[in-house]
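Chain residues, written in single-letter form:
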Amino acid sequence: MILRVLIVDDEPLARETIRGFLNDEADIAIIGECRNGIEAIEIIQEQHPDVVFLDVQMPKLDGFGVLKALGDDLPIVILLTEFDENTLQPLQEHAVDYLLKPLEQNRFRTALNQARGHVQHGSMVEPIRRLAALLRDVKTHDRDREGLMIQSGGRVFLLAIEEIDWIEAAEKHVKLHAGADDHLIPEKMATLEQELDPGKFCRIHHSAIVNTDRIEQILPGLEGEGILILKDGTKLPVSPSYRAKLEQRVRRGQDQDQ
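Sequence order as written defines the numbering, with residues in each chain counted from 1. For a predicted model such as this one, the threshold for reporting local features is a pLDDT of at least 70, and the threshold for listing and counting side-chain atom pairs is 80 or more; totals across whole chains, interfaces and linings nevertheless cover every residue. Water and hydrogen atoms play no part in the side-chain values, which are based on all heavy atoms of the structure.

**Student:** Describe the side chain of Asp55, with residues and values.
**Tutor:** Mapped onto the elements, Asp55 comes out in strand β3 (residues 51-55). Looking at Asp55, its side chain comes within polar contact range of the main-chain nitrogen of Gln57, at 3.5 Å. Note on definitions: a residue-residue contact is assigned when non-hydrogen atoms from the two residues lie within 4.5 Å. The contacts of Asp55, once residues within four sequence positions are left out, are Val8, Asp9, Asp10, Gly63, Leu80 and Lys101. Secondary structure follows DSSP: runs of H or I at least 4 residues long count as helices, runs of E at least 2 residues long count as strands, and numbering of each begins at the N terminus. Whenever a nitrogen or oxygen atom comes within 3.5 Å of another N or O atom, the pair is scored as a polar contact, on the condition that within protein one atom can donate a hydrogen and the other can accept it, and that pairs from neighbouring residues in sequence are kept only if both atoms are in side chains.

Spelled out as structure tokens, the structure:
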């Protein structure tokens, strides 16, 4: 049985090292190499590799972000990581397969043999279950994340955070309004709010978050509500419970600009 393997790492030396280790294995077919998480998602969804060596720490979209985007359609994954206690602790707690950089060949071969066994014997449920449990405990990026992953029209791309004008709740999804474009992503409003920079985004309603750089003015509404007008003319209601905090944020921003 030929094991189809994908290598995902933003470091050329790491990809070269893995490729060198795999070249010694007669039953391995390397189906591709990816420099970032966006490329990885596209190839995994198109080619369905048996095993993926996936770097955890990558710019734009990290390894956890890749796994989250794939949802339930996960291959056998061996995570690659630098020594970092904050990263290692959840990996160890959930007993997922991982390798520490710099990679060591004997340890690499052990991890590969474990992955080979899972694929050959069809025992993939348990390692994938561990990955799913891991994802429930970790965040994909913190508040300095560069963007949100968008899947649209068969392609995957990263929407820069600063391009978002406002965010709207849409049942189990959120709708990102960015200029003339709208993007629907499977995120919970509360989860996304925690991941966004509170200095740049503000909740104005249970179903709306705005980029404070897009605010033109706030007008009084009925029964303590407000009416928020964005620079593009969009009008949004402001709940009484959020109005005071929003007005304070706007005044603070105006004072900083003076």
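**Student:** Lay out the nonpolar core in plain terms, naming residues and giving numbers.
**Tutor:** Across soluble globular proteins, you tend to see nonpolar side chains buried next to one another. In terms of nonpolar packing, the biggest core is built from 31 residues, with Leu54, Val66 and Leu79 touching the most fellow members. For this core, the element with the most residues is helix α2 (residues 37-47), which contributes five residues. Residues within four places of Leu79 in sequence aside, it is in contact with Leu54, Val56, Phe64, Leu67, Leu91, Val96, Asp97, Tyr98, Leu99, Leu131 and Leu134. Of all hydrophobic cores here, the second largest spans 19 residues; its members include Val51, Leu80, Leu99 and Leu112. Residues belong to one nonpolar core when they are buried, are Ala, Val, Leu, Ile, Met, Phe, Trp, Tyr or Cys, and are joined through side-chain atoms within 4.5 Å. For each residue, the accessible area found with a 1.4 Å probe, counting protein chains only, is set against the maximum for its type, and the residue is called buried under 20%, exposed over 50%, and partly exposed in between.

**Student:** Report on the packing of aromatic side chains, specifying residues and quantitative values.
**Tutor:** Here a pair means two rings of Phe, Tyr or Trp (six-membered ring of Trp) with centres within 6.5 Å. Their orientation is stacked below 30 degrees between planes, edge-to-face above 60, and tilted elsewhere. Inspection of every chain in the model, using the stated rule, returns two aromatic pairs. A ring pair is formed by Phe21 and Phe108, whose centres lie 5.0 Å apart and whose planes are at 55°; its orientation type is tilted. One end of the pair, Phe21, is in helix α1 (residues 12-22); the other, Phe108, is in helix α5 (residues 105-120), and 87 residues separate them in sequence. As far as burial versus exposure is concerned, Phe21 and Phe108 are alike and both buried. Ring centres 4.8 Å apart and planes at 15° place the aromatic pair Phe53 and Phe108 in the stacked group. Highlighted residues: Phe53 in strand β3 and Phe108 in helix α5, separated in sequence by 55 residues. Through successive ring pairs, a cluster of aromatic residues spans Phe21, Phe53 and Phe108.

**Student:** Just give me the short version of unusual backbone geometry, but keep the residues and values in it.
**Tutor:** Residue Pro102 is reached from Lys101 by a cis peptide bond, and omega for that bond is -5°. Inspection of the secondary structure puts Pro102 in the loop between β5 (98-100) and α5. Phi at Ala95 is positive, roughly 55°, even though this residue is not glycine. If you trace the backbone, Ala95 turns up in the loop between α4 (85-93) and β5. Of note, Glu223 is a non-glycine position whose phi angle comes to about 55°, a positive value.

**Student:** Any chance you could break down the pattern of salt bridges for me, citing the residues and the numbers?
**Tutor:** Any carboxyl oxygen of Asp or Glu that lies within 4 Å of a side-chain nitrogen of Lys or Arg is treated as forming a salt bridge with it. The final tally for this structure, using the stated rule, is 15 salt bridges. The salt bridge involving Glu33 is made with Arg15; its shortest N-O contact spans 3.6 Å. With Glu33 in strand β2 (residues 28-34) and Arg15 in helix α1, this pair connects stretches of sequence that are 18 residues apart. On the basis of relative accessibility, which here comes to 32%, the residue Glu33 falls in the partly exposed class. By relative accessible area, which is 12% here, Arg15 ends up buried. In this structure, Glu126 and Arg129 form a salt bridge, with 2.6 Å as the shortest nitrogen-oxygen distance. Of this pair, Glu126 and Arg129 are both found in helix α6 (residues 125-137), three residues apart, which corresponds to roughly one turn of the helix. Salt bridges sharing partners connect three or more residues here, namely Asp9, Glu11, Asp55 and Lys101.

**Student:** Residue-level account of α2, with values.
**Tutor:** Within α2, the full set of buried residues consists of Gly37, Ile38, Glu39, Ala40, Ile41, Ile43 and Ile44. Two or three places before Ile38, at the opening of α2, Asn36 has a side-chain oxygen 3.1 Å from that residue's backbone nitrogen. After α2 finishes, the residue His48 shows a positive phi value of roughly 50°.

**Student:** Just give me the short version of the packing of α2 against helix α3 (residues 63-70), but keep the residues and values in it.
**Tutor:** Between N-to-C directions, angles span 0 to 180 degrees; the directions come from axes that are lines fitted to C-alpha atoms, helices contributing only their stretch in contact. Where α2 contacts α3, the axes come no closer than 9 Å and their chain directions differ by 35°. Both α2 and α3 take part in a crossing whose hand is right-handed. On the side of α2, the interface is formed by Gly37, Ala40, Ile41, Ile44 and Gln45, while α3 contributes Val66, Ala69 and Leu70. For any pair of crossing helices, the crossing counts as left-handed if the nearer helix is rotated counterclockwise from the farther one by less than a right angle, and right-handed if it is rotated clockwise.

**Student:** Tell me about the sheet that holds strand β1 (residues 3-8), and please be specific about residues and values.
**Tutor:** Pairing within the open sheet is parallel, and its five strands lie in the order β2-β1-β3-β4-β5. Each end of this open sheet is capped by a strand with a single partner; those strands are β2 and β5. Adjacent strand axes in the sheet meet at a mean angle of 20° when their direction is disregarded. Strand pairing is assigned whenever DSSP identifies at least 2 bridges connecting the two strands. Here three bridges tie strand β4 (residues 76-81) to β5, and the two strands are oriented parallel to one another. Among the inter-strand pairings, Leu79 is bridged to a residue of β5, identified as Tyr98. Across the sheet, α3 lies against β3 and β4, angled at about 135° from β3, the strand it touches most.

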